[in-house]
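Residue-level structural notes
Single-letter residue listing:
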Amino acid sequence: MRSKIAIVLAILGLVVLGLGIGQRTIWLPPATVTASVGGSVASAPLSVISPDVLATNDGKFTLTIKSAGPIQLAVGQVRDINGWVGDAAHTTVTGANSDFSALNTESKAGKETVPNPAGSDMWVTEEKATGELNYTWESPGHGDWALLVSSDGTAPAPTDISLTTANDAGTPWAVPLMIIGSVLLALAALMLWLGPRKPAAAQVAVAGRRTAGRVPSDPATGAMEVAKILAAKENAAKENSGSAAPDSDHSTIAELHRAERDAISGHSDSANTSNDKDDEQQDHGAAASLPTDVLGVVTPGTASIALDGTKDSLDGDKNEDAPADNSSADSAKSPDNDKDPDNDPSGGQGGKPAESSDASTAKESPAVEKGRKPRKPRKPRTSGGNEFSILPSTDGQDGRKSGKMMGASVKARWGAALAAVLLAGSVAPAVAEDATSTAPVSTPSATSTATATPSAPAVTQKAGFPTLLESQVQRIATSVATVVGTGDNAKNAKELESRVSGLALAARTANYKIRSTVDSEAAPQPVNSTRLLARVVSTSDTWPRTSMLVTQGENNPLPQLLTMVQNSPREQYKLVMASPLLPGQTFPAVDKEGSASVPLDAASGLLMSPKDAVAALSDSLVTADSKWKASFKDSVYITDVGTYQSTTLENSKDATVVFSHKADDKETFAMRTADGGALVVVGYTFSVDSTPKKDAKVNVPNASAAALAGGQESSTGVVVSYAEPVVMYIPPTADGKITIVSATRDLVSATFK
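As the structure is a computational prediction, the values presented were derived from the model and not from experiment. (Residues numbered from 1 in each chain as written. Predicted model: local features only at pLDDT ≥ 70, side-chain atom pairs only at ≥ 80, totals over all residues. Heavy atoms only, no water.)

Bringing the overall build of the protein into the picture now. Helix and strand counts for the protein stand at 17 helices and 21 strands. Expressed as a percentage of the 753 residues in the protein, the buried residues total 46%. Taking all contacts inside the protein whose residues are at least 6 apart in sequence as the whole, residues at least 24 apart take part in 74%. Element-wise, carbon and sulfur atoms account for 55% of the exposed surface of the protein, whose accessible area totals about 36,500 Å². (Helix = DSSP H or I, 4+ residues; strand = E, 2+ residues; numbered from the N terminus. Buried < 20%, exposed > 50% of the residue type's maximum accessible area, 1.4 Å probe, protein only. Contact = heavy atoms within 4.5 Å. Areas by Shrake-Rupley, 256 points an atom, 1.4 Å probe, with all protein chains shown as cover.)

Structure below.
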């Protein structure tokens, strides 16, 4: 019963294990799935791929964009893309449907043409292609990102967009089924291992007549005397033959056995053929006369298998009447009757070690007649490869050891089977797991991505996230430096317009004009981007946006502070002010994650508001006894302004001179520092208004001003203006003082009244 249950468990285990492996192989879902924009989509110059699409499968996907014309793809922050799109018509890819078979879209009407979005400072990266663009998404960093797809701003943007990602459809039952199947197989093997085995007597009995004389197998006593078995054989032989021939060549059972073996192996001569037949008949009778507890159940007409692999036909009819008690009666006469083969360490051979089953036959038989010379022991023969042959034991306990050997062999086989099953159960899941590996995700390549928010709604950026990444800052600085260098070399202000504006453009425009007529006029300080010493980047969601960079090149004796502003989303950052750091000043520490803008009228946490600080500086520069002078630390800039004004008054005895420092609110910016203070950048216009006294004339201060004014003197007066970009630091404590960090003065105009 136990073996039947084991077979059922084994079959179930194989079926369950096969089902588990099948889920990871033949029934495994496809490695990737693809969702595409389907149906008709309204024509628009821009397509936006929202953050929801970029979050698909944790951002591990590939976009494929197809178009008959050029394809442009830009990666930017959501707030930047929304700002750039503005009121333009656009299509937004909002995400995939529930079964990931299609991408959902929303269209919004608006302007049908826009400037080409390519090359904007707000894009972190850009990709371009014609016909087809494949893009593997990789987030530039933390924050909310989106993609902007276009052709050139005038042609309709591509809408044939598909997204391919790893298939999330799993096989959750695969591993459990493989484990359950392996456990069932292990249980089946264990039940067969622990199943009942045949007694040793039954195992030995199969061996045949050659082991009958020396294998103790009596289940009642645990031993059988060798003499008893031999006597039974002799009695059976006498009954079959009537009487033994006195002149027979084989007078003993041992000799008969030897002759029989010689006949079978082909080593006996033709003269002994008849004797072999007689011997065979006698052996049949002896086998039939043996007790069933020795040879097991022997039925008439069946065949027994000998140790040498031959088959003997048993004639049950002839040996059926053989008395069972003859063996015990005759065995009592044997001289070796008192020897128990089970306890004889010599294997039943009189204390001598057994050399082989054939060589010891003569010694084993107690029926060998005295005075007759036994044959020489023959060398042992192999079984001829017969798988049923069993070699006799040499320790006198053949049956017992044979059973142990058979048991050990069975255990070894079942142990190997059990190990194979457990190994298959443990290895199969791992192998199956490899089969389900998803499609490799390649590194970002020159190809595109897609997904956009519905109608590009404004998204609030996380606090502290800068509007420009370091790579963008470096790219912008390089572009500005290149444009400024080109304009300086050509002395052409029009070359600067794409990247320079405000006071910086006014100062260089005036310098180029002066240098065209005044050879002694010095060139402005070059703008360099080779060494980026510090950066202050705004986190503002609105425009204008401000960034400050501290750079220094080989031609800059002092580090330069470049203030750049982006006035609107579709404009580039432009240099509005450039000034050197003043000697002995240290640039305040700022947060690398961006600096928040400070409202000009906000005084919370500061010594004073930026607006008040600008007004205080203006007053202290033009008023000798200004009450605000104590609010500022000693500064080279403040000293220089005072000196210049005193000198101008001394040189204008015949004129009335008025000095003014006016700040342009549009060019005043304040940003938070790491310690809670504020950096304030202000663009002053320092004006010197000279009006001649009665019947007098006013001379312009120098040749540079004369080049701009178009003359040396005027009877109506002259106004000379200077651009003074100033950067000051307002401390967060009430007992501190304002520090002038950077400042310069550049002549920008001179006009006669």
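Don't stop here, the text continues.
Once that is clear, we can look at the pairing of strand β2 (residues 46-49). Burial along β2 is two-sided: the residues Leu-46 and Val-48 and Ser-47 and Ile-49 are all buried. When β2 meets strand β4 (residues 90-96), the two strands line up parallel, connected through four bridges. Looking at β4, one finds that Ser-47 is bridged to Thr-91. As paired strands, β2 and strand β7 (residues 145-150) are joined by four bridges and run antiparallel to one another. When the bridges of β7 are listed, Ser-47 appears paired with Val-149. (Pairing = 2+ DSSP bridges.)

Burial within helix α3 (residues 78-85) is extensive, with seven of its eight residues counted as buried. When α3 is considered as a whole, its buried residues turn out to be Val-78, Arg-79, Asp-80, Ile-81, Asn-82, Trp-84 and Val-85. Within two residues after α3, Gly-86 carries a phi angle of roughly 55°, on the positive side.

One open sheet accounts for four strands, arranged β11-β12-β13-β14; its pairing is antiparallel. Only two strands of the sheet have a single partner each, and these edge strands are β11 (532-537) and β14 (574-580). Averaged over all pairs of adjacent strands, the angle between strand axes in this sheet comes to 20°, irrespective of strand direction. Pairing of β11 with strand β12 (residues 545-551) involves five bridges; the strand directions are antiparallel. Each bridged residue has a counterpart across the sheet, and for Ala-534 the counterpart in β12 is Val-550. (Axes fitted to C-alpha atoms, helices over the stretch in contact; angles between N-to-C directions.)

The subject of this paragraph is the pattern of salt bridges. Scanning the entire structure with this criterion turns up nine salt bridges. A salt bridge links Lys-753 to Asp-689; the nearest nitrogen and oxygen atoms lie 2.6 Å apart. In this pair, Lys-753 is assigned in the segment after β21 (746-752) and Asp-689 in strand β16 (residues 678-692), connecting sequence segments 64 residues apart. The closest approach of N and O atoms between Glu-724 and Arg-745, which form a salt bridge, is 2.9 Å. On the criterion of sequence distance, the pair formed by Glu-724 in strand β19 (residues 718-730) and Arg-745 in the loop between β20 (739-743) and β21 is long-range, its members being 21 residues apart. Within this structure, Asp-640, Glu-724 and Arg-745 form a network of salt bridges that share partners. (Salt bridge = Lys/Arg side-chain N within 4 Å of Asp/Glu carboxyl O.)

In contact at an axis separation of 7 Å, helix α1 (residues 2-23) and helix α4 (residues 174-194) are set at 160° when each is read in the N-to-C sense. In this view, α1 runs roughly antiparallel relative to α4, as classed from their interaxial angle. The crossing of α1 and α4 is left-handed. Its residues placed into classes, the contact of α1 with α4 shows 21 nonpolar, six polar and one charged. (Parallel < 35°, antiparallel > 145°, perpendicular 65-115°, else oblique. Left-handed = near helix turned anticlockwise from the far one by under 90°. Nonpolar A, V, L, I, M, F, W, Y, C, P; charged D, E, K, R; others polar.)

On to the environment of Lys-494. As for its placement among the helices and strands, Lys-494 is situated in the loop between α13 (470-490) and α14 (502-515). Separated by 15 residues in sequence, Lys-494 and Thr-509 have C-alpha atoms that sit 8.8 Å apart.

With that settled, consider the packing of helix α15 (residues 610-622) against helix α16 (residues 636-650). Axis angle and axis distance: for two packed helices, these are the angle between their axes and the distance between the axes, and together they describe the pair. It is at 9 Å that the axes of α15 and α16 come closest, and there the two elements cross at 40°. For the element pair α15 / α16, the angle class is oblique. Contacts between α15 and α16 involve Leu-617, Leu-621 and Val-622 from the former and Tyr-637, Ile-638, Val-641 and Gln-645 from the latter. In terms of residue class, the contact of α15 with α16 is made up of six nonpolar, one polar and no charged.

This next bit is on a nonpolar patch on the surface. The grouping of Ile-7, Ile-11, Val-15, Leu-19, Ile-26 and Trp-27 at the surface amounts to a nonpolar patch, some 630 Å² of accessible area in total. As for its position among the elements, Ile-11 is in helix α1. (Patch = residues over 30% accessible without salt bridge, like charges linked within 9 Å, V, L, I, M, F, W, Y side chains within 5 Å.)

Looking now at α1. The periodicity of an α-helix, 3.6 residues per turn, causes residues three or four places apart in sequence to face the same way. Between its first and last C-alpha atoms α1 spans 32 Å; for 22 residues at 1.5 Å apiece the expected length is 32 Å, and the two agree. Residues of α1 that are buried make contact with α4. (Expected span 1.5 Å × (residues − 1).)

A few words now on the packing of aromatic side chains. Summed over the entire model, instances satisfying the criterion amount to five aromatic pairs. Members of the aromatic cluster, each reached through a chain of ring pairs, are Tyr-644, Phe-659, Phe-686 and Tyr-722. Its guanidinium or amino end placed over the ring of Trp-543, Arg-545 lies 3.9 Å from that ring's centre, counting from NZ or CZ. Above the face of the Tyr-644 ring, Arg-745 is positioned so that its terminal group lies 5.2 Å from the ring centre. (Phe/Tyr/Trp six-rings, centres within 6.5 Å; stacked < 30°, edge-to-face > 60°. Lys NZ or Arg CZ within 6 Å of the ring centre and 35° of its normal.)

Judged by how many residues are buried, β12 sits mostly within the fold: seven of seven residues are covered. What you see with β12 is no split at all: Arg-545, Ser-547, Leu-549 and Thr-551 on one side and Thr-546, Met-548 and Val-550 on the other are buried throughout. Where β12 lies against strand β13 (residues 560-566), seven bridges are found, and the strand directions are antiparallel. Looking at the pairing, Ser-547 lines up with Met-564 of β13.

Attention now moves to the environment of Lys-694. Within the secondary structure, Lys-694 sits in the loop between β16 and β17 (698-699). A relative accessible area of 77% places Lys-694 in the exposed class. A sequence separation of 39 residues divides Lys-694 from Ala-655, and the C-alpha atoms of the two residues are 8.8 Å apart.

A few words now on the nonpolar core. Ranked by size, the top nonpolar core spans 27 residues in total, and within it Ile-49, Leu-73, Trp-137, Trp-145 and Leu-147 carry the most contacts. For this core, the elements supplying multiple residues, two or more each, are β1 (32-37), α2 (51-54), β3 (61-77), β6 (125-136), β7 and β8 (160-166). The leading source of residues in this core is β3, at six residues. Judged by nonpolar contacts, the second largest core, of 23 residues, contains Leu-617, Ala-678, Ile-738 and Ile-740. (Core = buried A, V, L, I, M, F, W, Y, C linked by side-chain atoms within 4.5 Å.)

Further remarks concern the side chain of Glu-667. Structurally, the position occupied by Glu-667 is in strand β15 (residues 655-672). There is no salt bridge for the buried Glu-667, and the closest opposite charge comes from Lys-666, which lies 9.4 Å off by N-O distance. (Lys, Arg positive; Asp, Glu negative; His and termini not counted.)

What follows concerns unusual backbone geometry. The omega torsion of the bond from Trp-543 to Pro-544 falls at 5°, within 30 degrees of zero and hence cis. Tracing the sequence through the fold places Pro-544 in the loop between β11 and β12. We note that Lys-491 has phi near 50°; this positive angle belongs to a residue other than glycine.

Once that is clear, we can look at the side chain of Ser-540. By secondary structure assignment, the location of Ser-540 is in the loop between β11 and β12. Not counting residues up to four positions away in its chain, the partners in contact with Ser-540 are Arg-79, Thr-467, Arg-545 and Ser-597.

Turning to the confidence of the model for the protein, a few remarks are in order. In this model, the protein carries an average pLDDT of 76, and 65% of its residues clear a pLDDT of 70 or more. Contacts from residues 201-223, a stretch scored under 50 in pLDDT, to residues over four places away or in other chains number 57 contacts. (pLDDT = per-residue confidence, 0-100.)

The next subject is the environment of Val-658. For Val-658, the location among the structural elements is in strand β15. Residue contacts for Val-658: discarding those within four places in its chain leaves Ser-687, Val-688 and Asp-689.

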